[in-house]
Each structure stands twice: as C-alpha cells, then as structure tokens.
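Structure at a glance
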Amino acid sequence: MIKEGKFGPQEAISLITITIVARVFFTSPSVITRFVGSAGWLMTLISAATALVIFSLVYLLLRKWPGKNLIDIYELSAGRFIGSIFSLALFAGFLIDGSALLREFTEVMKVYVLPVSPPSYIMGLFLIGVLIVSIYGLETQARLARVLAPVLFIGLVAVLILAGQNYSIHRLSPFFGYGLDKIIIRGIRRNSVYGYSIIAAIIAGSLQGLEHIKKVGYASIIISAILISGCVLCFSLTFPYYTAQEITSPLYEMVSLIDYGRFFQRLDTIFLFTWNIATLLAVTVEVYMAASIYCKVFRIQDIRPIIASMCVLTFTIAITPSDLEEVALGYVNRLREYLWLGVLIPVIITLLLSTIKDRKKRKPAKTKKSR
Amino acid sequence: MINIIKLSLRKLGLRNIKRKNKIMMLALILIMSFIFTSCYDAKELDEYTYVIAVGIDKGVTDKYRLTIKFHTMKGGGGGETGGTIGADFEILVIDAPTFFTGINMINSALARELNFMHAKMLVFSKEIAEEGVSTFIAPIIRFRQIRHSIHVVVSKESAYEFLEKYEPIEGNAISKALELIVSETSETGYIIHTRLHEFYTGLKSTFRQPMAILAGVNDMKNFVETGEELQNQYSTEKEYTAGEIPRKGGGNVEFYGTAVFNGDKMIGELTGEETRMLSIILGEFKRGNFSIQDLYYPDKYVPIDIRMERQPKVEAKMKGDKVIFDVKINLEGDILAIQSHLNYEEEPLKSSLEEAVVKKFKEEMNSLIEKCREWGVDIFRFGRVVCSNFRTIQEWENFNWLEKFKDSEVNINIIFNIRRTGILLKSSPIIDVEELKTQE
C-alpha cells in the first residue's frame, strides 16, 4: 500500500473544490452558453444537484464497506478482474481529463499571454511543477490547497466584485435561455465537472472515517456549485448570450474590462496568478489520482516513479489535439458530458453486487434463527 | 564554494542525500535557471512601440488604410522633442490588404515591434462607417492586444486626418489627454462613453443598435468674430455636432455628438444636445450645465447645473405586438446664474422654472425618440426591458424587437427639483433710475 498521509476535511474540501472550480477559467462558460444561452448559471446548479445524487450513491457504497476506499471496494465486490477494469476506467478518466485541462490551459495562455511560446514549452514547464508537487505526496497537496484556498477565493471574489461595473441584470433575459428542457438535460449531462468529489472516496484512507468523507464530498460539491454558478452568472451579466458564445476565456475577458480610472485597470495579472495556481493544483491532483489508482490496482508500493510516467503520459495526451476547437468542443466538452458515466455505472454495479452479497450473508443467519 | 553548498545542504537537512542525487539536483537547478531566465514571449518594455490610437480608412492602393499614432519614446514620459508634431508621438499610415498584414508591413519600417496593449482609441472614418464596419471590426475584436475597453470613435473626416490633427493641448502626454477628454466629455453627456465591448455587442444585439462617439476636426470657421444678426437669434438654442462648435483656440479636434448605427452601417448623427438627452434616458448622464430660456426675458438665460437624482426607471407594457414604455426620470439641479435677476429662487417662480426645464427636456427627448423611430433604431436599450417579458431566447428572437421598435410608444415622465441656488438665496432687481421714472 502506498502511504498517502492523513489530513482533515478542510484540506480535502479545499483540494477538491480547487480541482473543480479551476475549469471555470477556461472555455467551459462560453461552451455552455452555446447550449443554454443566458441560463448557464442555472444549468450548472442542476449539474451540481445531479452530482450530489451520484455522490450519495458512492457514499452508500462506502457505508457498505467501512474503512475501505473506492478502489478496494470495486475489487472486493466485483472481483479482481472487473474491479480493476472499473478502477482503470477511473484512472483513464483522471489522466485524460488532466491532460485536457492542461492543454486547455496551454491554449488559453497562448491566446492571451504567451502567443509565441510553443505549447510543448508551456506544458513542459507546467508539468515540472506538477511533478514536484505530486512527488511530495497527497498530504502536501491537500495542505497546500488549504493554504492557497483563501488566497484564491479572495482573488476570485475580488475580481468578480470589481467587474461589477460592467454587469447588467437585463443580460440574464430571457431567463430560461434556450429553454428549460435544454437546461435540465444539459445540466444532468454535464455533471462531470462536479464528479471530482469522487476523490473523497478514492482517498478515503487519508480521511478520518465515513462522516468526514460525507462532509468532504457534499461540501466540495456545494461550495464549487456556488463558486461556478457565481462566476457563470457574473459572466452572463457582462456579456449578452450572443457574444458570450464567441469568447475563448470569458472570465479573463471580463477581468480585462475592469477600468476604474487611470490607475485601477488591467487587473488581468492578478487573475492570471489565481488562474495559474488553481490550474497547477487541479492538474497535479488529477495526475496524482491517476498514479494513485494505478498503484492501487497493480499493487505498486512506490508511487514516485509512476508519477513521473504519468507526467509523461499527460504530456503525450495533452499534445495530441490539433487545435483549440478540438480541445474545447471535442475533449473538454465530451469529458464534461460523458465522464460521469464512468463513475455512475461501476458504482451502481458495485452497489448491486454488494447488496446481493449482503443478502447472501444475511440469509444463512436468518435460516439459523428460524430453526 | 563547495563548503557553501555543503553548508546549505546541511541547513536544508539534505546532508544525507546520495552523491548521485546531489549531482542530479544541481543539474536540475542549472537547467531550470536557464529555462526560467525567459520564455519565447519575453521582451523588454523598450523593445515595443506603443500604439496610442488606431485609425481605419478605406484604402486607395489596397483595401485598408491603417493609421497608427504611437509614442516615439524619445522624450520619456512627456518629452518635448521628436515627431512631426513636436512631441513624443508620431503618426504612420499604410495601405494594406488586411489589418494584420498592415501591422507586419509597418513593423518593417520600425525598429521596435508595434504593441496595441495601451491603445486608447479606435477611429473609423465616417465613409467606412456608412458603408459598414463589420469587415473592419472583425480582426480588431479577435486581436488579443487590443483591449475591449478601447473607445470607438467615428470621425467625420478620414481617420488619418483626424489622428494627424489630434494633439494634446495641455501637456504632452497624449494617451492621458485622450483618456481625459473622453471621460470628461462623457460626464457632461455630450458623448456616450462607447467602448469596443459595447459597440461590438451592439452590432450583434437583438436588444439594441450600436452607436459610437462622433468626432471631427474643427477648422474654427464657425467662430464669427462680429455679427449683429447672429447675436439677436436668441429664440432657439444652437445645435452642433463634432467639428461645428463655434470656437477659436484649443485643440483641432473635438468629440461631440453620437454616430448612430443600424447593424454595422452608420445611418445618422446626433447633435451634442440630443446626445445629452440620450445620455439622460440611458442613465449615463452625470451632470451638466443647461441654459434655460428666461420665462419673462426671452433674450436671457438661467443656467442650471443638472444631474441625475437616481437612475431612470423604464417599464414596458405589451399590447399585442405593440410595446408601450413609461420612462421615469428624476433630475435635480442648482441654479448657477439668473441673468434677469428675477427671484427664481423662491416660489412661485421656482416652480415655473422647474416646469420649464421639464417641458424643454420632454420636448427634446420626444423629438429624439421620434428621430430614432424614423431611423428604426433602438439606441435607448428599451429592448432589454422588453426582453424580460420573454421566457426563452427563441420566443424573444421570433418577436423581432428591432423591427417592432418603430411602432412602440414612449411616455416620458420627468421630475425635476431645484435643490440649491448657489451662494445667493434671493435675487433682487438692479435699480435703474431711468426705468423707475418711466414706471412712475
């Protein structure tokens, strides 16, 4: 077993929330505007509600196997082979999603800040950071997230408040965007963004029991939902639905419009800082999770060499898409819409198998009693 | 040196690290120090030429005529040397097939690379604006260096002529002067503070039509030194657009009025006074001095400093496809002067003066709304109020507000209160002995 250390719910909530919220800085807000118009903020709340339901199922599963993490439970209930497949699905999800996030970050950086630097250079440097933070282990990541969370939160909220000069409540009209049906369907489909709450189940061994896992899972989804919905709402208040769909990084664009006289403008640099730190942590967590699952599945004791390999794999996958459109509308969009199935289906199957096993265990006891 | 490294490692608790790992760490530090020194995009500040304003005209030898006004960096922050105009800025014009090719071509004539990060103004010539700006705005909106907070201006003359004539009168800091002139003029309501963000969203809007700041070169010919005929025309207030203000001295260019667009084509101009009325309806008006004709002496005026008391409230009622708007405007003001010395500070004259202001504003606003209705353009952003009556974007777009605006009805309700009368509480008449004798 790899040693991942112990930490409290605050650290875990910070870690998961940063991993989830980092997505809002990139192309996602404008992509969701294409689907639901001005009601993106509402859609993401529906996604969060769906994610809460899915996490409840995960929690039910954890309750049936106290003291075990999700990877162990998959193997114990579905057997080594099927359990490993389920775990490897999770591994692939983290790896591909981490790569997509890295590439999305790189592309947005290239568009707005570093137009001349080659993507491989930006990604390479970024992955050095990811590698170093990952090697220090999960506990360090969680404690770092706890320390950075208030800074990132204040940075984000300050920027949203300062951008208030460009808000217009009328831009939220029509209230239901392209229709309530589309909001609900897209909301349910795009719940994957909150799916990182499953990290709480994977790192169950590092948390102090089921109550903490429950607290971490629910709290991180709720806090992330408030933050993401708030960001999308502010974005919709700044850009009407017809131009909102065109922007590469809506939040960055929103910040660049802040202008309070000659001496208080061009605040993008502050935003850039929060953006980079949050993305670094998010990619690190995903790479580490992929490495951790891999080690758990293949019973590898030392995670460090695996982390290095994961960084190389992440780089390779991230460099594969040919352009920004393929990243935003292909990789990222499809991952948001379908990644949750990779969690939900194994969890439902495992839950059913566990229930069947439970009943089988209880039956002989009952027959003994009746005799 | 080795001792220092040994000591540092000991301090860091890394004394027990194997020799091989130590070498690896040192190698990594060395490599990193080279990588982090700079990246591909690293450039020193003085390696750029900072563009202050961009002008776009129709080209003669090619599609675009791109004009840029830039800092020459010869005189530091506000130098006095260099440039054709005698300050630290220069103008450059080029005909090019596209905006970006133009930039590349200009770069071949300049030692430093053009940088638009600090550009303050985007100027379209009226000729281009009337033909349609969509082709010309496309590269600008996509260009990462041009901030969407840049001001959009339509120049009555060519953009080149406008930018060539523009130079700061007070001080040499041209970018500061540009920023100040726009912010100061928009506060008095003579221009609408239009940034690229508003202009571009207006172009694609289903709620409203875009507008831009109207600017022009003033050749000072409207200033008549003497002339009895003009002095006696006191019955109506004069209306001007940019370049027409009767003045002498000051800068060559002025920002005054509004260029109104339908889609991407400019269809008309609003005068400075009309722009003020528009600014009040939009709630963007801060404060400004208005000359109200004296109720008893038509050759005299009562200047009043008028400001918004609160944001205007626009309500929309729908009767079938017809939309009826109720616009409630609350204004307040201070009397600045009473040329006739009548006691407008007190009742009943005070109420009469307030009513006169309301009447004047209502008339001017109604005439402006009528003008825009004839043009078929909603520049009042009434559409966004109507939009809240629709549940989905499809329903809203099918309603086709921009077509319906022509048939809408607008009721203006103004409440105006005189709050203060300056440092005088009462006006007493000037004693004229001759006049007293006649009265007796």
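1. Comments concerning the side chain of A:E11
- Among the structural elements, A:E11 can be located in helix α1 (residues 9-21).
- Given a relative accessible area of 15%, A:E11 falls into the buried group.

2. Some thoughts on the interface of chain B and chain A
- Taken together, the 36 residues of chain B in the interface contact 38 residues of chain A.
- Summed over both sides, the interface of chain B with chain A buries roughly 3,300 Å², with 57% coming from carbon and sulfur.
- Where chain B packs against chain A, one counts two salt bridges.
- Residues B:K204 and A:E246 are paired through a salt bridge, measuring 2.6 Å at the closest nitrogen-oxygen approach.
- At the boundary of chain B with chain A, the tally comes to 18 residue pairs in polar contact (both at pLDDT 80 or more).
- When residues of the side of chain B that touches chain A are traced back to their parent elements, those giving at least two are α2 (19-35), α7 (174-188), α8 (196-203), α12 (383-387) and α13 (393-399) of chain B.
- Element by element, the count of residues in the side of chain B that touches chain A is highest for α13(B), at four residues.

3. Quick notes on the layout of surface pockets
- When its volume is computed, the second largest pocket comes out at roughly 1,400 Å³.
- In terms of lining, the second largest pocket is formed by 50 residues, of which the most central are A:Q165, B:H193, B:R195, B:E198 and B:E284.
- When residues of the lining of the second largest pocket are traced back to their parent elements, those giving at least two are α7, α8, α10 (272-282), β11 (301-319) and α12 of chain B.
- Among the elements that make up the lining of the second largest pocket, the one with the highest residue count is α7(B) (five residues).
- A class-by-class count of the residues in the lining of the second largest pocket yields 18 nonpolar, 17 polar and 15 charged.
- Formed jointly, the lining of the second largest pocket draws a minimum of three residues from each of two domains, domain 1 (42-282) and domain 2 (286-440) of chain B.

4. Some remarks on the packing of aromatic side chains
- Summed over the entire model, instances satisfying the criterion amount to 44 aromatic pairs over all chains.
- Between B:F99 and B:F143, the ring centres sit 6.0 Å apart and the planes meet at 70°, which makes this aromatic pair edge-to-face. Taken as a pair, B:F99 in helix α3 (residues 99-107) and B:F143 in the loop between α5 (134-142) and β6 (151-155) lie far apart in primary sequence, 44 residues in all. Across the pair, exposure class does not vary: B:F99 and B:F143 are buried alike.
- An angle of 55° between the planes, with centres 5.8 Å apart, marks the rings of B:F285 and B:F290 as tilted. Each member of the pair B:F285 and B:F290 is classed as buried.
- In textbook terms, an aromatic cluster arises when at least three aromatic residues are bridged by ring pairs, as seen for A:F25, A:F26, A:F105, A:Y112, A:F126, A:Y252, A:F271 and A:W275.
- Its end group placed over the ring of A:F35, A:R186 keeps NZ or CZ at 3.7 Å from the ring centre.

5. Comments concerning the domain arrangement of chain B
All names here are of chain B.
- Under the domain assignment, chain B is made up of domain 1 (42-282) and domain 2 (286-440).
- Relative to domain 2, the C-alpha centre of domain 1 lies at a distance of 30 Å.
- Contacts between the two partners involve 27 residues from domain 1, matched on the other side by 38 residues from domain 2.
- The largest contributions to the domain 1 side of the interface with domain 2 come from F207, I280 and I281, which together make up 24% of the buried area.
- Across the contact surface, domain 1 and domain 2 share one salt bridge.
- Across the pair K371 and E274 runs a salt bridge whose closest N-O atoms are separated by 2.9 Å.
- Viewed at the interface, domain 2 and domain 1 are joined by five residue pairs in polar contact (both at pLDDT 80 or more).

Each value, and the rule that gives it
Residues numbered from 1 in each chain as written. Chains lettered and ligands numbered in written order. Predicted model: local features only at pLDDT ≥ 70, side-chain atom pairs only at ≥ 80, totals over all residues. Heavy atoms only, no water. Helix = DSSP H or I, 4+ residues; strand = E, 2+ residues; numbered from the N terminus. Buried < 20%, exposed > 50% of the residue type's maximum accessible area, 1.4 Å probe, protein only. Contact = heavy atoms within 4.5 Å. Buried area = accessible area lost by both parts, 1.4 Å probe. Salt bridge = Lys/Arg side-chain N within 4 Å of Asp/Glu carboxyl O. Polar contact = N/O pair within 3.5 Å; in protein donor to acceptor, adjacent residues only side chain to side chain. 1 Å grid on protein atoms, 1.4 Å probe; cavity = no way out; pocket = protein on both sides within 12 Å on 5 of 7 lines; lining within 4 Å. Points joined across faces, edges and corners; volume = space filled by probe spheres on them. Nonpolar A, V, L, I, M, F, W, Y, C, P; charged D, E, K, R; others polar. Domains from an automatic or database assignment. Phe/Tyr/Trp six-rings, centres within 6.5 Å; stacked < 30°, edge-to-face > 60°. Lys NZ or Arg CZ within 6 Å of the ring centre and 35° of its normal.

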